[in-house]
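# Breakdown of the fold
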Amino acid sequence: MARKISMKQAINEALDQEMARDPSVICMGEDIVGGAGGEGERDAWGGVLGVTKGLYAKHGDRLMDTPLSESAYIGAAIGAAACGMRPVAELMFIDFMGVCFDQIFNQAAKFKYMFGGKAETPVVIRAMVGAGFRAAAQHSQMLTPLFTHIPGIKVVCPSTPYDTKGLLIQAIRDNDPVIFCEHKNLYGFEGEVPEASYAIPFGEANVVRDGRDATVVAYGLMVHRALEAAASLAKEGIEIEIVDLRTLSPIDMDTVLDSVTKTGRLVCVDEANPRCSIAADVSAQVAMRAFGALKAGIEMVTPPHVPVPFSPPLEDLYIPSAAQVAAAVRKTLKGGRH
Amino acid sequence: MAGNPFPLSKAELLKAYRTMRTIREFEERLHVDFGRGDIPGFVHLYAGEEAAAAGIMIHLGDGDRIASTHRGHGHCIAKGVDVGEMMLEIYGKKGGSCNGKGGSMHIADLSKGMMGANGILGAGAPLVCGAALAAKYRKKGEVAISFVGDGASNQGTFLESLNLAAVWNLPAIFVVENNGYAESTSRDYGVAVDSYVDRAAGFGLPGITVDGTDFFAVYEAAGEIIRRAREGGGPSLLECKMVRFHGHFEGDAQTYRGPGELDDIRANHDCLKKFAAQVTAAGVISADELAPIDREALAVVEDAVARAKAAPLPTVADLTTDVYVSY
Ligand SMILES: Cc1ncc(C[n+]2csc(CCOP(=O)(O)OP(=O)(O)O)c2C)c(N)n1
Ligand SMILES: [Mg+2]
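Residues numbered from 1 in each chain as written. Chains lettered and ligands numbered in written order. Predicted model: local features only at pLDDT ≥ 70, side-chain atom pairs only at ≥ 80, totals over all residues. Heavy atoms only, no water.

Taken together, 22 residues lie near ligand 1, and E70 of chain A together with H70, R71, G119 and A152 of chain B sit nearest. Note that a nitrogen atom of ligand 1 is positioned 2.7 Å from one of the backbone N or O atoms of G119 of chain B. Here A152 of chain B contributes a backbone N or O atom positioned 2.8 Å from an oxygen atom of ligand 1. Burial of ligand 1 by the protein chains amounts to 97% of its free accessible area of 580 Å². Residue classes in the shell around ligand 1 are distributed as nine nonpolar, eight polar and five charged. (Near = heavy atom within 4 Å. Polar contact = N/O pair within 3.5 Å; in protein donor to acceptor, adjacent residues only side chain to side chain. Areas by Shrake-Rupley, 256 points an atom, 1.4 Å probe, with all protein chains shown as cover. Nonpolar A, V, L, I, M, F, W, Y, C, P; charged D, E, K, R; others polar.)

Next comes the structure, spelled out in structure tokens:
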């Protein structure tokens, strides 16, 4: 039965169900339980924003708090994965990836290929992404393109509670390392989610809105900005089609290409910085593979190529808005090849 | 009146008290303003830990560098960063220490030798090795100090830096601010050794542990290791055992604390109360001489808040300055 739950609850439920189903699933991270070694409440935090709260009561020591040593514990999760466990390691903010990046891109990402196919590394690394929390330059980045660039890693960034549950379950069952990106501004976002366990396959984009006039490709929070833009454009008689990529690696270019072939126009929306972004990658792929279908130049909507600023008005200007998406759609509709 | 038994003049003692009191008022005010929803973002308060910042920074000049942590307000104030600019920054206003771009977690003032609060645990330690290396080249006897929490003392960056500083014999000092917790996790869960002195020894550094709520204990220990570093004697580690008065960050319910723990901390381990008791008991400074400092510190903070609230916000033009943007 489906009921309305938040993205945060969807993550908690996916972890709970997978831990119950498979004894090789363990969770680790900083304060994912909380209160370790102290005299107060155990499970005091359940993660910095309470996402894993309550799991300790059900699964006990299969959830492990860690010292503040990301290289060591993220690396340990990877090593355990290579030895038959299915660890889900939480890295809190994706920005902290800088501390332990070697373990991810030289170790986890490489094992399978470099060892001639003899290794599996079924590790999931969960981390919060995105701006809007007034958390400044070191706690607000997307960094999704950084991981997408590296062969051997899968990258997921869901936009709804339904997708979050299904994709996290898939991530845990998947035999490759997965970076699971949770947009911190979507944690409270609610949607219909079935109670029963289900997996959503990777590499399947979701057409969240049908439209004839232009294709808007987005992921994460930007899907919601695109939906807002669609509502205002519809009043002007413009119908956009919105493709939610859901997984960035693997990426479902077929769905994107089909849509662009239909609409002839493409706007790529990305909350990551523009250089070498997902938006730039999708734009390049479409230009290479569907140039003939394009009736106008491709548009990209991204933040400026600057770090995330702290001050609220600056941060609000930084994050791509629905108005910017709508403007880009209007621009591509005006532009045309003759 | 009896002679002054302290290693500082009366004027210096009053200055130290003013520093600690200013930090306390600053933090307690932020606690209230954050609760009201006036302050955006993450705010980590230094209240309760003032004696460490004051007892160490009193030995330093602008040419000495420090690298701070996410809990950086006290380090900033003690290092001489302008309180008004700090408040503007925390409120995200134009004219703030970082022009509103950094916020509480990134206040910096290089002109005061303050290399920044930091959102990344352990990140300051390697930077301090660099600052110490530069100081060694300049040969002016300057030192560099890295602050790190008990939790962040488990970062590879911190541990690598201990070794690097020892190997290069740098004028670097590593201050572990041990407030018993890393977020909600107790120090004893996260750190395997009982003593940071043992850990320092493992890296070939002298280490010392002091009661970080006792200004004079910090002052004396810091004075000695800073002097040694200035004279080419190399790096040291200083552990300050301390308490934090508030949650890890504002909004933390602190259910991980034991029953009565916070009351005990505030009643029996308040570094400001201790300092006042010590100097008045010795007859060096009277309560009447401290009271105006309390009032002045409060006034400075209130003025800073009023100005921060009235100040203009940054505008779109500020979004793309201070960085190379190629498109
Ligand atoms: C590399 C990195 N990992 C994790 C965090 C999240 N974080 C911020 S403060 C903190 C606890 C720090 O504890 P401690 O070092 O003892 O300093 P305290 O907060 O007690 O002053 C954590 C886990 C971070 N900012 N950077
Ligand atoms: Mg601590």
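This next bit is on the sheet that holds strand β2 (residues 144-149) of chain B. Residues and elements named next belong to chain B. Read across the sheet, five strands follow the order β1-β2-β3-β7-β6 without closing on themselves; strand pairing throughout is parallel. Where the open sheet ends on each side, the last strands, each with one partner, are β1 (65-67) and β6 (207-211). Between one strand axis and the next, the sheet turns by 20° as a mean value, whatever way the strands run. Looking at chain direction, β6 and strand β7 (residues 236-241) are connected through five bridges and run parallel. Its bridge partner being in β7, V210 is matched across the sheet by C240. Across the sheet, helix α5 (residues 124-138) is in contact with β1, β2 and β3 (172-178); its angle to β2 comes to roughly 170°. (Pairing = 2+ DSSP bridges. Helix = DSSP H or I, 4+ residues; strand = E, 2+ residues; numbered from the N terminus. Axes fitted to C-alpha atoms, helices over the stretch in contact; angles between N-to-C directions. Contact = heavy atoms within 4.5 Å.)

Below, the discussion takes up the interface of chain B and chain A. Counting residues at the interface gives 48 residues for chain B and 45 residues for chain A. Taking both partners together, chain B and chain A bury about 3600 Å²; carbon and sulfur atoms supply 64% of that area. Counting across the chain B and chain A interface gives zero salt bridges. Summed over the shared surface of chain B and chain A, the number is 16 residue pairs in polar contact (both at pLDDT 80 or more). When residues of the side of chain B that touches chain A are traced back to their parent elements, those giving at least two are α4 (83-90), β5 (185-186), α7 (187-190) and α13 (316-319) of chain B. Of the residues belonging to the side of chain B that touches chain A, the class tally is 21 nonpolar, 21 polar and six charged. (Buried area = accessible area lost by both parts, 1.4 Å probe. Salt bridge = Lys/Arg side-chain N within 4 Å of Asp/Glu carboxyl O.)

The next subject is the nonpolar core. Within soluble globular proteins, side chains that are nonpolar tend to cluster in buried spots. Counting 122 residues, the largest nonpolar core has I104 and V286 of chain A as the members making the most contacts within it. Element by element, the count of residues in this core is highest for helix α8 (residues 221-235) of chain A, at seven residues. Listed in part, the 45 residues of the second largest apolar core include L30, M57, M86 and C240 of chain B. (Core = buried A, V, L, I, M, F, W, Y, C linked by side-chain atoms within 4.5 Å. Buried < 20%, exposed > 50% of the residue type's maximum accessible area, 1.4 Å probe, protein only.)

Residue and element names in this part refer to chain A. Closest axis-to-axis distance for the helix α1 (residues 7-21)/helix α7 (residues 161-173) pair is 8 Å, and the angle between their directions is 30°. It follows that α1 is roughly parallel to α7 by the angle criterion. As α1 runs across α7, the sense of the crossing is right-handed. Residues M7, A10, I11, E13, A14, L15, Q17, E18 and R21 of α1 form the contact with α7, whose participating residues are P161, T164, K165, L168, I169, I172 and R173. Each residue belonging to the contact of α1 with α7 can be placed in one class, and the counts come to nine nonpolar, two polar and five charged. (Parallel < 35°, antiparallel > 145°, perpendicular 65-115°, else oblique. Left-handed = near helix turned anticlockwise from the far one by under 90°.)

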